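Chains, contacts and geometry: an overview
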Amino acid sequence: MISSEMKKELYFPPSSASTTSGWTAGRRRFADWLPWKLFQDQMNPAKANHGWFIGRYARECLHILPKLPASFKWPVPPMSVLEWHQVDESLREPGIYYGYRPEVSSWTECCHSLFTANNETLNFWTHFFPTVFFIWRTVQLADQWNSKSDGLDSDYAQPFLIYMFSAILYPLMSAIAHGFSALSHRARAVLFFMDYAAINFYAYGSGLLYRAYVLPDSWMQMDANIYLGVCVFLSLASTTLTCTSRAIVRDVVAQRLMRLAAFTLPYIWVSIPLFVRLFDCFWYMEGSSSCPTADTLRATKLHLCQVIVALLASFCYASHLPERVLPGKFDYVGHSHNLLHICGVTATLFQMEGALIDMDVRRSHLIDNHLAMMDPFWDQWVPLVVLLGHVLLIAVFGLYIYWNEPQTIPACDKNKKCH
C-alpha cells in the first residue's frame, strides 16, 4: 500500500506547489497528476488503491472543473447580463429578474454565452444533449435492425424513422433558437419561427407513429386519411398561429395564450386514440383488447408516463412556476422553461420506448391482419410536403419581419425602466 507521504511526493511535486499559486498551480498540479502517473499505479496490482484513487479524483475534479471556463481564451470579453428593466418588455419573462443577454450580440458572443451563466444557458443544453442522444438512439436502432437475422421490413419501420427525424429536429431547432436568439431582434423572431415549426412537425410525426404501431385495433381499422389528414392540417395551422403570435400580435398575454392553444390542440387530437387505449387498458384491465400481453401492458404504462409528463410540461409553460411564486430565485436554474424542456424530452423518451415495444410485439398481428400502414403516401410523401409547408411559412413570416420590424429594439437606459 502507498503511504500518504509517498502519494504527496509522487503526485504533487513540492517544487510545483512552492513556485506557483492559484489557478496556474491548480492546472499544473492537475495536469501532472491526472493523465499518466495515477493511472500507471492503478494498472499495477501491487500499487493499486481504487478507493483512494476515486476519492482523490473526485476532490481534484471538484477543485479544478469550476475554474475551467475561466481558462478558455475567448476572442471577446465575457457577455454582461442585464436586469429585467434593461430589456424590452417583449423579452421579459415573468419572475425572471436577472440574467438576460443583450439583444444584439455577435456569433462569438452567443457561443461564449452558452458556457457562462445566463437564463438561456440551460435552455440550450437541456435540448442540445437530448438531440445528440436521439441521434445516437436512431443509429443504434438502425444497426440493431440490420443485424437481426429475420430483418425488418423497411416499409414497416418507415413511420418510426420519420418520427425519429421529427424527434431529433425539434430539440435541435429549440437549442439553436435559444442559443443564438441574441443575434438581433429579427434573428430572434426567425429562429423561433423555426422552433415552432419543428415542434408542430413533431406533432405530425407523433400522429404517424401512433397510427402505425400504437393505436388500439378498433382505431387501426379506421381509414387513416381522416386521422392523419387532420394531423397535417393542425400541424401547419399551429405553425401559422404561433408565428402570427410573434410577428403580428403585440400583447404579451395574447401571445402566450395563442402559443399555448397552438401547441395543445395538435397534442389533443393526436393523443385521442391513445387516451382510448389507456382507458380501455387500465379501466377494464381483465381481458382488455388493448393489453392482451404483459409486453403491451408495459408499453401502455410507458405511454401513460408520457401523457403525465407532457401534461406537466404544459403546466410549467402555462403557469410560469416556480419563478412566479419566488421571483428572482430561479433566474438561471430551475425556472419553468428549464422544466418545460426537461419534461418535454422525457415525454418523448417515454413515447419512443413505448412505441418500440408496440412496434416489436404487435408486428405479426398488425401485418397478418393488414392493420400495419404500408402505404408510402403518408410516411414518405406527406412528411416531405408538411416539412416544405413549414419552410414556406417560416420564409413568409421571416420576410414579414424583415419588412416591418427594425433590426434592433431601442436600447434601454440601464438606470431607468423601459416602460
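Residues numbered from 1 in each chain as written. Predicted model: local features only at pLDDT ≥ 70, side-chain atom pairs only at ≥ 80, totals over all residues. Heavy atoms only, no water.

**As for the pattern of salt bridges**
Summed over all chains, the structure comprises five salt bridges. Close ionic contact of Glu93 with Arg256 constitutes a salt bridge, the shortest N to O distance being 3.4 Å. Of the two residues, Glu93 sits in the loop between strand 1 (82-83) and strand 2 (98-100) while Arg256 sits in helix 13 (residues 252-283), which places them 163 residues apart along the sequence. Since its relative accessible area comes to 32%, Glu93 is described here as partly exposed. (Salt bridge = Lys/Arg side-chain N within 4 Å of Asp/Glu carboxyl O. Helix = DSSP H or I, 4+ residues; strand = E, 2+ residues; numbered from the N terminus. Buried < 20%, exposed > 50% of the residue type's maximum accessible area, 1.4 Å probe, protein only.)

**Overview of the packing of aromatic side chains**
Across all of its chains, the model carries 23 aromatic pairs by this definition. Ring geometry for Trp84 versus Tyr97: centroids 6.5 Å apart, planes at 40°, classification tilted. Taken together, the residues Trp84 in the loop between strand 1 and strand 2 and Tyr97 in the loop between strand 1 and strand 2 connect sequence positions 13 residues apart. With a centroid separation of 6.0 Å and an interplanar angle of 80°, the aromatic rings of Phe165 and Phe201 are classed as edge-to-face. Highlighted residues: Phe165 in helix 9 (residues 154-180) and Phe201 in helix 10 (residues 185-214), separated in sequence by 36 residues. Residue classification places Phe165 among the partly exposed positions, given a relative accessible area of 39%. Judged by its relative accessible area of 3%, Phe201 falls in the buried class. Of the aromatic side chains, those joined through ring pairs into one cluster are Phe115, Phe124, Trp125, Phe128 and Phe129. (Phe/Tyr/Trp six-rings, centres within 6.5 Å; stacked < 30°, edge-to-face > 60°.)

**So, helix 10**
Look at helix 10: 42 Å from first C-alpha to last across 30 residues, which is about the 44 Å you get at 1.5 Å a residue. Taken across its 30 residues, helix 10 has 26 buried, putting it largely inside the fold. (Expected span 1.5 Å × (residues − 1).)

**Here's the deal with unusual backbone geometry**
With omega at 10°, the peptide bond leading from Leu321 into Pro322 counts as cis. Mapped onto the elements of the fold, Pro322 is located in the loop between helix 14 (294-319) and helix 15 (336-361). A positive phi angle, close to 55°, is found at His320, a residue other than glycine. As for its placement among the helices and strands, His320 is situated in the loop between helix 14 and helix 15. Under the relative-accessibility criterion, His320 is labelled buried at 7%.

**Points about the confidence of the model for the protein**
With 75% of its residues at a pLDDT of 70 or more, the protein shows a mean pLDDT of 80. Predicted confidence in the protein is weakest over helix 2 (residues 14-19), with a mean pLDDT of 43, and strongest over helix 10, with 95. Contacts for the low-pLDDT stretch residues 4-23, under 50 throughout, to residues beyond four places or in other chains number 25 contacts. Low pLDDT (under 50) marks residues 29-40, which in the prediction has 25 contacts with non-local residues, meaning those over four places away or in another chain. (pLDDT = per-residue confidence, 0-100. Contact = heavy atoms within 4.5 Å.)

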